[in-house]
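One-letter residues, chain by chain:
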Amino acid sequence: MTDHLYLSGVSHGYGDRELLNNVDLVIHHGEHVAIVGENGAGKSTLLRLLSGVETPDDGAAGLSGNPGYRVGYLAQTHGFSESVTVGDAIDSSLASLRALEAQILDLESGLADAGNDELELYGSLQTEYQLREGYAAKSRVEAALDKLGLGGLDRRRTLGSLSGGEQERVALACLLADPAEALLLDEPTNHLDANGTAWLESRLAAHRGTVVVVSHDRVLLRKVATTIIEVDADRRSVNRYGNGYEGYLREKAAERARWIQQYDEWLDAMAAERLQAATVGDRMGYGRKHDNDKMAFGFKAGTLQSAVSSKVRNAQERLRRLEENPVDRPPVPLKLAAPLGSVTDAVSEHALEARSVSVPGRLQPTDLTVETGQKVLITGPNGAGKSTLLSVLTGNLEPATGSVYVNGTVGYLQQELEVLARPSLRLLPAFAAGLGGNIDEHAEGLLRLGLFRPAEFHVPVGGLSAGQQRRLALARLLLGGYQTMIVDEPTNHLAPVLVEQLESALASFAGTLVIVSHDRALGEWFDHCARVEGGGRAAASGRGASAGSWFRYGMQGGELL
């Protein structure tokens, strides 16, 4: 039997919330698979079950085949202690390879007197070492760190001294230092810039083993995955689609159209049978005029009564069968409907102004002016200072030098999810916290927004997936009525369909928008774009304005770098 990952009769959930019900799934060696689905549907749970990190409540899951088949797993949050150094994390990821090296060296010392068994073992270990490219492991680590924007990182630094994004990139480099036969990755591009994502794509596409990835990145889905597995939250099941991501989109649309048609036909059939049972008597002649032949009329009436009763019974029987075999109503997909068409008029032409702001080691002296109503996209490599700049603009980080002027109300969506102070708080009260007003009004507004269903309003925020927590923060931003929105990587953790809807909502925003994003599929609806380079430099370009007229970045001594 070939090596494969599998689920067999798996049912699994948390508390009274079941995510998977009697699920069967097989992923064969060499398949490149993407897992998609709504936030909170169970994508990360499915990955943990396949990796063996979690054990299903019912059924069996894991690996079948060669016991030496290795499975590498990258979670959304790394599993290292914050006291571990970068060097220790790398050494830990190479421990299996180093043990193989030691075994080979031990056998080499006794080859002169080795028997057939020892020689055979030595040969097989050498083959495994070569297949794993053990001789290139060190250079592979260096290349991975460099491509992920961590070249030159001091190996003595603890993970706790790094940012969350840097920690996740170290974990990814460790996973790829000695890649397992099966790679299972949960949102691996969340903290990568465009160059890092492109490099990861090529690595995964070239991987000779199995790749299973949960991702919102539509470009990666198109380039890496040949098979799509969708986690269906409504049916608590999984469905397999071939022909890549584009094939999935086409087949999914056709499948929903068929489902809607079947449901409509079932409703029509039910209505027809009810109508048949209710009106058949009139159609068969009840209420017709009485004639003078009483005997004939009585005979005919009896015949008609018998016929009517038979037709009514037949209609009722067909109705009963339809009711016993219902077609489930197609679930209404979540659809973002953010009311961003208008905001209170601003009183100044400048929405944001920063003068010579700097943060040691993170942001060089910087000037920034954003005009009211502009939509500004900021891109650039990891570590260039993009998120630091947004934190300074929103007052979440005090600059060492310079000043910031903000006109009007500003809403801020951070890249990193905040630590939950009250994980037991239900979703709806968490959404309404600090907003004032009536809880019923907040429930109505949240429901209209389309990011959550009513059944999710009572889920504790600590039990939400990373994607659902991201949607909660996004809901508070979109319904805040802000004149300016500052958004850091808004598409992280969101399902691809929801990402496209968010793009449309932000494009219609009448206020000022400043957004940092590495999403390569993001629409070109921005007024201005800037690429922030490492060391505090930026190249700016604008639509309808001269390049650099709105963005001056990295000024020292009054000269533009």
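Quick look at the structure, then.

What counts and what doesn't
- Per chain, residues are indexed from 1 in the order of the written sequence.
- Whole-chain, interface and lining totals are the exception, using all residues; otherwise, since this is a predicted model, local features are given only for residues with pLDDT of at least 70 and side-chain atom pairs are given and counted only at 80 or more.
- Hydrogen atoms and water are omitted, and side-chain values are computed over all heavy atoms in the structure.
- For the purposes of this entry, the term helix denotes a DSSP run of H or I that reaches at least four residues, the term strand denotes a run of E that reaches at least two, and both are numbered from the N terminus.
- Burial status follows relative accessibility: with a 1.4 Å probe on protein chains alone, a residue under 20% of its type maximum counts as buried, one over 50% as exposed, and anything between as partly exposed.
- Note that accessible areas follow from Shrake-Rupley with a 1.4 Å probe, and for residues the cover is restricted to the protein chains shown.
- Nonpolar core, defined: a set of buried Ala, Val, Leu, Ile, Met, Phe, Trp, Tyr and Cys residues in which side-chain atoms within 4.5 Å join the residues together.
- Two residues form a contact once any of their heavy atoms are found within 4.5 Å.
- Under the pairing criterion, centres of Phe, Tyr and Trp rings, with the six-membered ring standing for Trp, must be within 6.5 Å; the plane angle then separates stacked pairs below 30 degrees from edge-to-face pairs above 60, leaving the rest tilted.
- By definition here, charges over rings are those cases where NZ of Lys or CZ of Arg is within 6 Å of the ring centre and within 35 degrees of the ring normal.
- Two strands are counted as paired when DSSP detects at least two bridges linking them.
- Axis lines are fitted through C-alpha atoms, for helices just across the contact stretch, and the angle between N-to-C directions can take any value from 0 to 180 degrees.
- Expected span of a helix, by definition, is 1.5 Å for each gap between consecutive residues, and there is one gap fewer than residues.
- The salt bridge definition used is simple: a Lys or Arg side-chain nitrogen within 4 Å of an Asp or Glu carboxyl oxygen.
- As used here, the arc is the angular range of directions from the helix axis to the C-beta atoms.

## Looking at the overall build of the protein chain
Looking only at helices and strands, the protein chain features 15 helices and 21 strands. Counting the 561 residues in the protein chain, one finds 45% classified as buried. Carbon and sulfur atoms form 50% of the exposed surface of the protein chain, whose accessible area is close to 27,000 Å².

## Brief notes about the nonpolar core
Nonpolar side chains in soluble globular proteins tend to be buried together. In this structure, Val170, Leu172, Leu185 and Ile228 are the most contacted members of the largest nonpolar core, which totals 48 residues. Looking at this core, the element that brings in the most residues is helix 6 (residues 164-177), giving eight residues. The contacts of Leu172, once residues within four sequence positions are left out, are Leu74, Leu148, Leu185, Pro188, Leu192 and Leu200. Ranked by size, the runner-up nonpolar core spans 36 residues in total, among them Phe431, Leu449, Leu472 and Leu498.

## Regarding the environment of Asp57
Here Asp57 shows up in the loop between helix 1 (43-51) and strand 4 (58-64). The spacing of Asp57 and Gly13 is 44 residues in sequence and 7.4 Å in space, taken between C-alpha atoms.

## Concerning the packing of aromatic side chains
All chains considered together, the criterion is met by four aromatic pairs. Between Tyr129 and Tyr135 the ring centres are 4.6 Å apart and the planes differ by 90 degrees, which places this aromatic pair in the edge-to-face class. By relative accessible area, Tyr135 is classed as exposed at 63%. Among the aromatic residues, those joined into a ring-pair cluster are Tyr241, Tyr245 and Tyr248. In this structure, Arg235 is placed above the aromatic ring of Trp259, and the distance from its NZ or CZ to the ring centre is 3.7 Å. Across from the ring centre of Phe452, 4.6 Å away, lies the NZ or CZ of Arg471, which sits over that ring.

## Observations regarding the sheet that holds strand 1 (residues 4-14)
Spatially, 2-1-4 is the arrangement adopted by the three strands of the open sheet, whose pairing is antiparallel. What marks the edges here is a single partner per strand, and that holds for strand 2 (17-28) and strand 4. Averaged over neighbouring strand pairs, the angle between their axes works out to 20 degrees when direction is ignored.

## A closer look at the side chain of Ser391
Looking at the element boundaries, Ser391 is found in helix 11 (residues 386-393). Judged by relative accessible area, Ser391 falls into the buried class, the value being 15%. Those residues in contact with Ser391 that lie beyond four places of it in its chain are Asn396, Leu397 and Tyr412.

## Comments concerning helix 14 (residues 466-478)
A turn of α-helix holds 3.6 residues, and therefore any two residues three or four places apart point the same way. Taking 1.5 Å as the rise per residue, helix 14 with 13 residues should run 18 Å; its terminal C-alpha atoms sit 18 Å apart, in good agreement. With 11 of 13 residues buried, helix 14 lies mostly within the body of the structure. The complete set of buried residues in helix 14 reads Ala466, Gly467, Gln468, Gln469, Arg470, Arg471, Leu472, Leu474, Ala475, Leu477 and Leu478. Where helix 14 is buried, its residues meet strand 2, strand 14 (410-413), helix 12 (427-432), helix 13 (439-449), strand 15 (484-488) and helix 15 (496-507).

## Here we look at the pattern of salt bridges
Going through the model one piece at a time under the given rule, you end up with 26 salt bridges. A salt bridge links Glu54 to Arg48, with the shortest nitrogen-to-oxygen separation between them at 2.6 Å. Among the salt bridges present, the one from Glu317 reaches Arg320, with a minimum N-O distance of 2.4 Å. Highlighted residues: Glu317 and Arg320, both in helix 10 (residues 294-324), separated by three residues, approximately one helical turn. The exposure class assigned to Glu317 is partly exposed, which follows from its relative accessible area of 26%. Given the relative accessible area of 36%, Arg320 is considered partly exposed. What you see here is one network of salt bridges that share partners, running through Arg70, Glu128, Arg132, Asp178 and Glu181.

## Examining helix 3 (residues 95-108)
Between its terminal C-alpha atoms helix 3 stretches 20 Å, which fits the 20 Å expected from 14 residues at 1.5 Å a residue. Among all positions of helix 3, only Leu97, Leu100, Ile104 and Leu107 are buried. The buried side chains of helix 3 occupy one side of the element, clustering within an arc of 85 degrees when seen end-on. Opposite the packed face of helix 3, turned more than 90 degrees from it, sit the exposed residues Leu105 and Asp106. Considering only its buried residues, helix 3 is in contact with helix 4 (116-131) and helix 5 (137-147).

Geometry only, nothing functional implied.
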